[in-house]
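Notes for the structure review
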Amino acid sequence: MDALYLLIPIALGVMVVVVIAFIYTVKSGQYDDLEGPAHRILMDDDDPRIPGNQKPPVAEEKNSQRD
C-alpha cells in the first residue's frame, strides 16, 4: 500500500509529460501530412522525363581534320 503513494504521483507526472509532448507535436504540425512521405518515396526523382531533371546537353568536342 505504501508503494501506491509513490507510484501514483509518478504515473500522473509521466502522463502529464506525455500529454504536453503530444500537444506540442500537434501544434508544430507533425501530423499534418501523413500520406506525403509515403508517396514521395515512390517517386523517381532522377527520371529525365520529369521537368527540371533534364541534364544539360554535353558539348561535343569537334576534332579538326589535320592536313
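Structure first, text after, so check above.
This report concerns the structure included in the present document. (Residues numbered from 1 in each chain as written. Predicted model: local features only at pLDDT ≥ 70, side-chain atom pairs only at ≥ 80, totals over all residues. Heavy atoms only, no water.)

With that settled, the discussion passes to the overall build of the chain. Across its full length, the chain carries two helices and zero strands. Carbon and sulfur atoms make up 62% of the accessible area of the chain, which amounts to about 7,200 Å² in all. (Helix = DSSP H or I, 4+ residues; strand = E, 2+ residues; numbered from the N terminus. Areas by Shrake-Rupley, 256 points an atom, 1.4 Å probe, with all protein chains shown as cover.)

So, about the packing of aromatic side chains. Summed over all chains, the structure comprises one aromatic pair. Ring centres of Phe22 and Tyr31 lie 6.1 Å apart, and the angle between their planes is 35 degrees; on these two criteria the pair is classed as tilted. (Phe/Tyr/Trp six-rings, centres within 6.5 Å; stacked < 30°, edge-to-face > 60°.)

On the surface, Met1, Leu4, Tyr5, Ile8, Leu12, Met15, Val19, Phe22, Ile23, Val26, Tyr31 and Leu34 cluster together into a nonpolar patch covering about 1,300 Å² of accessible area. For Leu4, the location among the structural elements is in helix H1 (residues 2-27). (Patch = residues over 30% accessible without salt bridge, like charges linked within 9 Å, V, L, I, M, F, W, Y side chains within 5 Å. Salt bridge = Lys/Arg side-chain N within 4 Å of Asp/Glu carboxyl O.)

Turning our attention to the environment of Tyr31. Mapped onto the secondary structure, Tyr31 falls in the loop between H1 and helix H2 (36-40). In this structure, Tyr31 is in contact with Phe22, Thr25 and Val26, ignoring residues within four places of it in sequence. Among the polar contacts listed, one links the side chain of Tyr31 to the side chain of Thr25, at a separation of 3.4 Å. (Contact = heavy atoms within 4.5 Å. Polar contact = N/O pair within 3.5 Å; in protein donor to acceptor, adjacent residues only side chain to side chain.)

Here the focus is H1. Along an α-helix, residues three or four apart share an orientation, since each turn contains 3.6 residues. The end-to-end C-alpha separation of H1 is 39 Å, in line with the 38 Å expected for 26 residues at 1.5 Å each. Remark: Gly29 follows H1 within two positions and exhibits a positive phi of approximately 85 degrees. (Expected span 1.5 Å × (residues − 1).)

Here the focus is the side chain of Thr25. Turning to its location among the elements, Thr25 is positioned in helix H1. Thr25 sits in the buried class, given a relative accessible area of 19%. When neighbours within four sequence positions are excluded, Thr25 is seen to be in contact with Gln30 and Tyr31. (Buried < 20%, exposed > 50% of the residue type's maximum accessible area, 1.4 Å probe, protein only.)

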